[in-house]
Amino acid sequence: MTKDRVRVVVTGMGVLCSLGNSVDELWTGLKAGRSGIGPITLFDASPFPTVIAGEVRNFDFASFINTKDVRRMARFSQLSVAAAIMAIEDSKLDLQSTDMESVGVVLGAGNGSVPTIQDNCEIMVSKGAMRINPFFMPMILPNMAAANIAKHFGAKGYNNTVTTACAASTQSIGEAAEAIRRGAADVLITGGTEAQISEVGLAGFCILKALSTRNEQPEKASRPFDVNRDGFVASEGAAILVIERLEHALERGANILAEIIGFGASSDAYHVVQPEENGEGASRAMRWTLKNARISPSEVDYINAHGTSTPFNDVVETRAIKNVFGDFANKIPISSSKSMVGHALGSSGGIEAIASIKTITDGYIHPTINLDNPDPECDLDYVPNVGREQPVDTVLSNSFGFGGQNACLLFRKYIG
């Protein structure tokens, strides 16, 4: 990288997901190969062919957010604000001494407000339209998670919301890094959030036949790259990073966790739900990320895969990695966090960004669990079932979403 390029670093992280309510709980679970998938408790799922998901459990939002604000937020906003509070605390950013016009929010979200929409439609049918929640409209807007974070901290700077489905939080982190590079902010609170587990949300994916029906063994349902995979497992959560211009972080003596060195995004321009079968769209995003980072494929030490556990996606991602890395593809360890966390949709890339950064800081590659019988078409090193202690300096994280939306990030160990 040339010296004239603005460097962007990660200084704080916070997460709520099916594996736990902190970064430590998430990472401990991933290292141990523990599944966060279980029976759905947020509603009665018994009429559906799938009755399992990855829920955020045992979390008291009122301990982070005042009760009045909790009532005025949809669940996806509640998750994001709580995770942002954790990330700010982790970053040790002193908001009292920071120019809050230089602090902003860039957040990814898919369609996290589905439960709120369903609840209010039920009220409208049973009690009349004028009995719905008076905050219904601001609760369901996709930008309200970012708006609520900004309001909570008084972050008056650059603000944006990315809604590129399952690529949303990966793209939001990349767009946030680019905003810092162009001078739009010194500090950005970024990542993603999703809370769509509801009757309508579950029905929508069930009718597409996209979900696993391995209901009797929920912990074994998400099995990326395995020949017996039968669909993804929906989950929810929020994952937030605090990222900063390097000079800003150094001036305040921040603990730097990693550097964001590359970002790329592309479109398949092919199909509303299926990836382009040769993986060319995903390949473009990976190539452009490497180009943006100004590194060669051989410098990537590990790939955190999109790895959804759907029959088509896992084959296409394997092809895409081979397209980009050629013979070197067989030498790169790759794993899927979704094998344990499930597919948290718009927040999945943020969760995986945290996993990628912890891989660098801990020198440990978490496994892809439930990979008992590899699909012959998924023949790369997907770190089956048992993790590895291994030095890792550079990580590529992949996210690919409905609509052919592709986004990738490159993280590197920080070297001053």
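Residues numbered from 1 in each chain as written. Predicted model: local features only at pLDDT ≥ 70, side-chain atom pairs only at ≥ 80, totals over all residues. Heavy atoms only, no water.

Caption draft 1: Up close: the overall build of the protein chain. When helices and strands are tallied, the protein chain shows 13 helices and 14 strands. Compactness check: the protein chain gives a C-alpha radius of gyration of 20 Å against a globular reference of 22 Å for 416 residues, within 12% of the reference. Referenced to the eigenvectors of the C-alpha coordinate spread, the extents of the protein chain come out at roughly 60 × 55 × 40 Å. Of all 416 residues assigned to the protein chain, the portion counted as buried reaches 61%. Sequence-distant contacts, at least 24 apart, represent 79% of the contacts inside the protein chain between residues at least 6 apart. On the protein chain, roughly 15900 Å² of surface is accessible, and the fraction owed to carbon and sulfur atoms is 51%. The averaged location of the 46 negative side-chain charges in the protein chain is 3 Å from the averaged location of its 36 positive side-chain charges. (Helix = DSSP H or I, 4+ residues; strand = E, 2+ residues; numbered from the N terminus. Rg over C-alpha atoms; globule rule 2.2 N^0.38 Å. Buried < 20%, exposed > 50% of the residue type's maximum accessible area, 1.4 Å probe, protein only. Contact = heavy atoms within 4.5 Å. Areas by Shrake-Rupley, 256 points an atom, 1.4 Å probe, with all protein chains shown as cover. Lys, Arg positive; Asp, Glu negative; His and termini not counted. Charge placed at Lys NZ, Arg CZ, Asp CG, Glu CD.)

Caption draft 2: How the structure looks around helix α7 (residues 168–181). An ideal rise of 1.5 Å per residue puts 20 Å on 14 residues; α7 measures up with 20 Å between its terminal C-alpha atoms. By the criterion of burial, α7 is predominantly enclosed, with twelve of the 14 residues buried. Looking at α7, one finds that the buried residues are A168, S169, T170, Q171, S172, I173, G174, A176, A177, A179, I180 and R181. Following α7 by one or two positions, G183 has its phi on the positive side, about 90°. (Expected span 1.5 Å × (residues − 1).)

Caption draft 3: Spatial organisation of the sheet that holds strand β8 (residues 258–267). Read across the open sheet, the ten strands follow the order β5-β4-β6-β7-β1-β8-β14-β13-β9-β10; overall the sheet is mixed. Bordering the open sheet on either side are β5 (159–162) and β10 (334–335), each of which pairs with just one other strand. Of the pairings in the sheet, the one linking strand β6 (residues 187–194) to strand β7 (residues 237–245) comprises eight bridges and is antiparallel in character. The partner of T193 across the bridge, within β7, is A238. (Pairing = 2+ DSSP bridges.)

Caption draft 4: Just the pattern of salt bridges, in detail. Scanning the entire structure with this criterion turns up 17 salt bridges. In this structure, K151 and D69 form a salt bridge, with 3.8 Å as the shortest nitrogen-oxygen distance. Here K151 is found in helix α6 (residues 144–153), whereas its partner D69 is found in helix α2 (residues 67–71), with 82 residues between them in sequence. For K151, a relative accessible area of 59% translates into the label exposed. On the accessibility criterion, D69 (18% relative accessible area) is buried. Here D381 makes a salt bridge to R388, at a shortest N to O gap of 2.7 Å. Look at R388 and you get partly exposed, because its relative accessible area is 28%. Several salt bridges share partner residues, and in doing so they unite D186, R245 and E247 into one network. (Salt bridge = Lys/Arg side-chain N within 4 Å of Asp/Glu carboxyl O.)

Caption draft 5: Geometry of unusual backbone geometry. Although it is not a glycine, R294 adopts a positive phi angle of roughly 65°. On the secondary structure map, R294 appears in the loop between α10 (280–293) and β9 (302–304). We classify R294 as partly exposed; its relative accessible area is 44%. With phi around 65°, N370 is a residue other than glycine that occupies positive phi space. Mapping N370 onto the fold places it in the loop between β11 (364–365) and β12 (388–389).

Caption draft 6: Molecular detail of the environment of A84. Mapped onto the secondary structure, A84 falls in helix α3 (residues 75–91). Distance in space between the C-alpha atoms of A84 and V242 is 8.2 Å, their sequence separation being 158 residues. Once you skip the residues sitting within four places of it in the chain, A84 turns out to touch I149, F153, I189 and I240.

Caption draft 7: Seen up close, the state of the cysteines. One pass over the structure, following the stated rule, counts zero disulfides. Cysteine C121 remains unbridged, with the sulfur of C206 as its closest cysteine sulfur at 19 Å. Unpaired in this structure, C378 has its nearest cysteine sulfur neighbour in C408, at a distance of 17 Å. On the basis of relative accessible area, C378 is assigned to the buried category, the value being 3%. (Disulfide = S-S within 2.5 Å.)

Caption draft 8: Quick peek at α10. With 14 residues, α10 should reach 20 Å at 1.5 Å per residue; the first-to-last C-alpha distance of 20 Å fits that figure. Here α10 has its buried residues at G281, A282, S283, A285, M286, T289, L290 and A293. Contacts made by the buried residues of α10 are with β8, α11 (311–325), β13 (394–401) and β14 (405–412). Phi turns positive, to about 65°, at R294, one or two residues after α10.

Structural measurements only, silent on function.
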